Amino acid sequence: MEDESKLRAFEARIEAGEKIEPKDWMPERYRKQLIRMISQHAHSEIVGMLPEGNWITRAPSLRRKMGLLAKVQDEAGHGLYLYCSAETLGVDRSEVVDQLLYGTAKYSSIFNYPTLTWADIGTIGWLVDGAAIVNQTMLAKCSYGPYSRANIRICKEENFHKKQGYEIVATMAKGTPEQKRMVQDAVNRWWWPSLTMFGPPDKDSPNSAELMKWQVKLQSNDELRQRFVNLTVPQASVVGVALPDPDLKYNSKTGNWDFGALNWDEFFAVIKGNGPCNRQRMRARRIAHENGKWVRDAAGAYAAKKRAA
Ligand code: BYC
């Protein structure tokens, strides 16, 4: 009975647009859903460093190398804000990191695709960061205070990432025939995975109803996907690259760009661990985690010494 009245008060606060803060009462499902989502978001930022980090040593100029280094470093920072945000819900960071390393937690499907050429770096910044901004601008308004605030800062930085990517794409698209071919090839490969990044269609999204009721999500997977397509089609035409979808067509009745069917079999295979780079990504993360043990030990010892002093 007590929980019933607490639940009503909690939902009334959300309805009134108030933020829920770590020490406030919250239903156990809300806490669990947020831990799942925030920790998976953190893992995505950390794993997301791998496909791009692959190109730091091969960036075509010092300016490009500095831009990419800064971007990859920002992703590490995003991972840290998000792990801190998950910890406000009473979970230990090592617990959620173990869930990633031992395969029980997901991370974004998009990072299981390979970065084959320098044009992939531009295309990731433009499309993948562009998709992330659409999703995270919504999450910046979510009902949980620490996650909402983490996303405000993340979105500011992602905007730079998107601009550096779009600039690379624009430069290559007016470059030599080989550069044009490379950038078109990269867009052809990243377009469809960027669309499935928003998650399964609403009808197959088991978490959406609960998350939308509690205003963790304010828009559905399909709504955000459509928003991303609508924003991106004009950007592609400005730089003169083609989006690889023969069914892409403006619908004057809805004001949306209609698009072709997405490959959900491929998406589900990727999130079950069977994408082109899943094993490689997890192997790299496990090795990095092992190599970083001495740093965690040293930081832990320093903190213990300070507490004792
Ligand atoms: N990849 O019921 P649904 C970035 C899972 S990183 C993998 O719709 P929900 C960036 C989903 O977890 C971008 N798994 O779920 C970094 C669920 O499985 P579980 C990452 C996916 O939570 C570096 C199942 O499918 N952003 O920005 O309502 C460089 C059913 O789905 C995916 C975030 O993580 C996917 N794409 O909605 C550049 C944002 N989609 O967990 C950029 C926070 C779905 O029940 N997360 N699944 O086993 C979200 O906004 C939501 O969790 C999602 C999914 C939209 C991803």
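Scroll up to find the structure.
Since this is a predicted model, take the numbers as computed values, not measurements.

*Asks:* Give me the lowdown on the pattern of salt bridges, citing residues and values where you can.
*Replies:* Summed over the entire model, instances satisfying the criterion amount to 19 salt bridges. With its nearest N and O atoms 3.0 Å apart, the salt bridge here joins Arg-13 to Asp-24. Of this pair, Arg-13 sits in helix α1 (residues 2–15) while Asp-24 sits in the loop between α1 and α2 (28–47); the two residues are 11 residues apart in sequence, bridging distant segments of the chain. Overall, Arg-13 belongs to the partly exposed group, its relative accessible area being 24%. Linking Arg-63 and Glu-167 is a salt bridge whose minimum nitrogen-to-oxygen distance equals 3.1 Å. On the criterion of sequence distance, the pair formed by Arg-63 in helix α4 (residues 62–87) and Glu-167 in helix α7 (residues 145–173) is long-range, its members being 104 residues apart. Of the residues examined, Arg-63 reaches a relative accessible area of 54% and is grouped as exposed. Three or more residues are tied together by salt bridges with common partners; here these are Glu-52, Lys-71, Glu-75 and Asp-129.

*Asks:* Describe the site of the ligand, listing the residues and the values that go with them.
*Replies:* Of all residues adjacent to the ligand, which total 33 residues, the nearest are Arg-36, Lys-106, Ser-109, Ser-205 and Lys-217. Ser-109 is positioned with one of its backbone polar atoms (N or O) 2.8 Å from a nitrogen atom of the ligand. At a separation of 2.9 Å, an oxygen atom of the ligand approaches a polar side-chain atom of Asn-221. Notes on the ligand: free accessible area 1,000 Å², of which the protein chains cover 90%. Where the shell around the ligand is concerned, the elements lending two or more residues are α2, α6 (118–139), α7, α9 (208–213) and α11 (264–274). Residue classes in the shell around the ligand are distributed as 13 nonpolar, 13 polar and 7 charged.

*Asks:* A description of the packing of α6 against α7 should follow, citing residues and the corresponding values.
*Replies:* For the pair α6 and α7, the least separation of the axes is 7 Å and the interaxial angle reads 150°. When the axis of α6 is compared with that of α7, the two are roughly antiparallel. In this structure, α6 crosses over α7, and the sense of that crossing is left-handed. Of the residues that constitute the contact of α6 with α7, the class distribution is 14 nonpolar, 12 polar and 3 charged.

*Asks:* Go over the nonpolar core, please, and point to the residues and values.
*Replies:* In terms of nonpolar packing, the biggest core is built from 76 residues, with Tyr-30, Tyr-144, Tyr-147 and Val-241 touching the most fellow members. For this core, the element with the most residues is α6, which contributes 11 residues. For Tyr-144, the contacting residues outside a window of four places in its chain are Ile-20, Glu-21, Pro-22, Met-26, Tyr-30, Leu-34, Ile-38, Ser-85, Thr-88 and Leu-89.

*Asks:* Residue-level account of the state of the cysteines, with values.
*Replies:* Counted under the stated rule, the structure contains 0 disulfides. Lacking any disulfide linkage, Cys-84 is separated from the closest cysteine sulfur, that of Cys-142, by 16 Å. Classification of Cys-84 by relative accessible area gives partly exposed; the value is 39%.

*Asks:* Describe in detail helix α10 (residues 221–239), supporting the description with residues and values.
*Replies:* Helix length check: α10 (19 residues) gives 27 Å between terminal C-alpha atoms against 27 Å at 1.5 Å per residue, within 8%. For α10, every residue scored as buried is listed here: Asn-221, Leu-224, Arg-225, Gln-226, Phe-228, Val-229, Thr-232, Val-233, Gln-235, Ala-236 and Val-239. Where the residues of α10 are buried, they touch α6, α7, α8 (177–196), α9, β2 (256–258) and α11. Count one or two residues on from α10 and you reach Gly-240, which has phi positive near 75°.

*Asks:* Outline the packing of α4 against helix α5 (residues 93–101), supporting the account with residue identities and numerical values.
*Replies:* At a closest axis distance of 9 Å, the pairing of α4 and α5 adopts a crossing angle of 120°. Judged by the inter-axis angle, α4 sits oblique to α5. The handedness of the crossing between α4 and α5 comes out as right-handed. Mapping the contact onto sequence places Leu-80, Tyr-83, Cys-84 and Glu-87 in α4 and Arg-93, Val-96 and Val-97 in α5. Its residues placed into classes, the contact of α4 with α5 shows 5 nonpolar, no polar and 2 charged.

Thresholds, definitions, all that
Residues numbered from 1 in each chain as written. Predicted model: local features only at pLDDT ≥ 70, side-chain atom pairs only at ≥ 80, totals over all residues. Heavy atoms only, no water. Salt bridge = Lys/Arg side-chain N within 4 Å of Asp/Glu carboxyl O. Helix = DSSP H or I, 4+ residues; strand = E, 2+ residues; numbered from the N terminus. Buried < 20%, exposed > 50% of the residue type's maximum accessible area, 1.4 Å probe, protein only. Near = heavy atom within 4 Å. Polar contact = N/O pair within 3.5 Å; in protein donor to acceptor, adjacent residues only side chain to side chain. Areas by Shrake-Rupley, 256 points an atom, 1.4 Å probe, with all protein chains shown as cover. Nonpolar A, V, L, I, M, F, W, Y, C, P; charged D, E, K, R; others polar. Axes fitted to C-alpha atoms, helices over the stretch in contact; angles between N-to-C directions. Parallel < 35°, antiparallel > 145°, perpendicular 65-115°, else oblique. Left-handed = near helix turned anticlockwise from the far one by under 90°. Core = buried A, V, L, I, M, F, W, Y, C linked by side-chain atoms within 4.5 Å. Contact = heavy atoms within 4.5 Å. Disulfide = S-S within 2.5 Å. Expected span 1.5 Å × (residues − 1).

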